[in-house]
Amino acid sequence: MNKAVASGYVVHASTEGSTLAQFSDSSLVPPYTTAAATIEHRGFSPYDFNGGTVAAVAGPDYCVIAADTRLSSGYEILSRNVTKVHQFTDTAVLASSGCKTDVDQLRSWMGIQLKVCMVWHKSLLDSRCVFPF
Amino acid sequence: MTTPSIAQLLSNTLYYKRFFPYYAFNLLAGLDEQGEGAVYSYDAIGSFERCQYSSTGSGQAYIIPVLDNVIGHRNRLDERVELSATEVVEIFKDTFLSAGERDIYTGDAVELYVITAAGVTMERFALKAD
């Protein structure tokens, strides 16, 4: 159904959700339709590898943990100075490589879990019990 | 909270997302209740193990064999020597330099943390920025 707009252009009122549905070839525009299924985002991966290396050594009364500071994506360097290390308590330090956004979220969530755990368990002797977590 | 408890908590936190994992490869380091060094290494879904040394990330294949030989004293016939924290830091500097030469994702700088009963100190060591 055509609808004349004040500016003089004719707009095809679309009965489908996408405003680009006026293009008849449905394989060019998401949602891509194939014989088998409708694909929303072709070739999208929720993960990206941001690179980097971490290493750690335990000694009799010390621990050394090291991580590089480069953040990359593919062949590009996104930053030369991003830390991969996070300190949880006086003695526990976490270093992570992989997908930076997942690492940040994990840290944030772990921080919350730690606080909740300490609230619940502050009266218990600490050992390897982290029930009900 | 002690390091073994945090290690278990991290494992559980990772496993909560077993079917849409955090794409994160973790190493947790700290002191246990006896004051000895503890290193825990993880996979993306929470499997973890306490070990004497470990490495993850893009350069792990370059670093682990060096740590096997120098820290684990594998494949060598000379007498085992106990290493101090400063010696391990120097070894790490050389190791990360070498990994940075071969691995394109490793470089720019290394942050070296030393955890002792007195606290946590950090040293920054510059690597090649290429």
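Up top you'll find the structure we're talking about.
What comes next is a walk through the structure. (Residues numbered from 1 in each chain as written. Chains lettered and ligands numbered in written order. Predicted model: local features only at pLDDT ≥ 70, side-chain atom pairs only at ≥ 80, totals over all residues. Heavy atoms only, no water.)

## Brief notes about the packing of helix H2 (residues 60-70) of chain B against helix H3 (residues 85-102) of chain B
Residues and elements named next belong to chain B.
Okay, step 1: Interhelical geometry of H2 versus H3 gives an angle of 150° and a closest axis separation of 9 Å. Relative to H3, the element H2 lies roughly antiparallel. Crossing hand, H2 versus H3: right-handed. When H2 is examined against H3, the residues Tyr-62, Ile-63, Val-66, Leu-67 and Val-70 are found in contact with a partner set consisting of Ile-91, Phe-92, Thr-95, Phe-96, Ala-99 and Arg-102.
Okay, step 2: Looking at the contact of H2 with H3 residue by residue, the classes come out as nine nonpolar, one polar and one charged. (Axes fitted to C-alpha atoms, helices over the stretch in contact; angles between N-to-C directions. Helix = DSSP H or I, 4+ residues; strand = E, 2+ residues; numbered from the N terminus. Parallel < 35°, antiparallel > 145°, perpendicular 65-115°, else oblique. Left-handed = near helix turned anticlockwise from the far one by under 90°. Contact = heavy atoms within 4.5 Å. Nonpolar A, V, L, I, M, F, W, Y, C, P; charged D, E, K, R; others polar.)

## What about helix H1 (residues 100-121) of chain A?
Residues and elements named next belong to chain A.
Okay, step 1: Along its 22 residues, H1 runs 31 Å from first to last C-alpha, staying within 8% of the 32 Å computed at 1.5 Å per residue.
Okay, step 2: Turning to H1, its buried residues number three or more, namely Asp-102, Val-103, Leu-106, Arg-107, Met-110, Gln-113, Leu-114, Cys-117 and His-121. Projected down its long axis, H1 carries its buried residues within an arc of 140°, all on one side. Turned more than 90 degrees away from the buried face of H1 sit Thr-101, Lys-115 and Val-119, all of them exposed. (Expected span 1.5 Å × (residues − 1). Buried < 20%, exposed > 50% of the residue type's maximum accessible area, 1.4 Å probe, protein only. Arc of directions from axis to C-beta.)

## Notes on the sheet that holds strand E3 (residues 48-51) of chain B
Okay, step 1: Pairing in this open sheet of five strands is antiparallel, and the strands run E9(A)-E10(A)-E1(B)-E2(B)-E3(B) from one edge to the other. A single partner strand is all that each edge strand has here, and the edge strands are strand E9 (85-87) of chain A together with E3 of chain B. Each strand axis lies, on average, 20° off the axis of its neighbour in the sheet, ignoring direction.
Okay, step 2: Here strand E10 (residues 93-98) of chain A runs beside strand E1 (residues 24-31) of chain B; their pairing, made up of six bridges, is antiparallel. Its bridge partner lying in E1(B), Ser97(A) is registered against Phe25(B).
Okay, step 3: On the sheet, H1(A) packs against E9 and E10 of chain A together with E1 of chain B and is oriented at approximately 155° with respect to E10(A).
Okay, step 4: Along the sheet, helix H1 (residues 3-16) of chain B makes contact with E10 of chain A together with E1, strand E2 (37-42) and E3 of chain B, crossing E2(B) at roughly 5°. (Pairing = 2+ DSSP bridges.)

## Side note on unusual backbone geometry
Residue and element names in this part refer to chain B.
Okay, step 1: The phi dihedral of Asn-75 is positive, around 55°, even though this residue is not glycine.
Okay, step 2: Relative to the elements of secondary structure, Asn-75 occurs in the loop between H2 and H3.
Okay, step 3: The exposure class assigned to Asn-75 is exposed, which follows from its relative accessible area of 78%.
Okay, step 4: Although it is not a glycine, Asp-108 adopts a positive phi angle of roughly 70°.
Okay, step 5: Note on placement: Asp-108 falls in the loop between H3 and strand E5 (109-116).
Okay, step 6: Under the relative-accessibility criterion, Asp-108 is labelled buried at 9%.

## Some points on empty space enclosed by the protein
Residues and elements named next belong to chain A.
Okay, step 1: This model, assessed by the stated rule, comprises two cavities of 30 Å³ or more.
Okay, step 2: In this structure, the largest cavity occupies an estimated 80 Å³ of space.
Okay, step 3: Around the largest cavity sit Asn-50, Gly-51, Leu-71, Val-82, Thr-83, Lys-84, Ser-96, Ser-97, Gly-98, Lys-100, Val-103 and Arg-107, which together line it.
Okay, step 4: Where the lining of the largest cavity is concerned, the elements lending two or more residues are E10 and H1. (1 Å grid on protein atoms, 1.4 Å probe; cavity = no way out; pocket = protein on both sides within 12 Å on 5 of 7 lines; lining within 4 Å. Points joined across faces, edges and corners; volume = space filled by probe spheres on them.)

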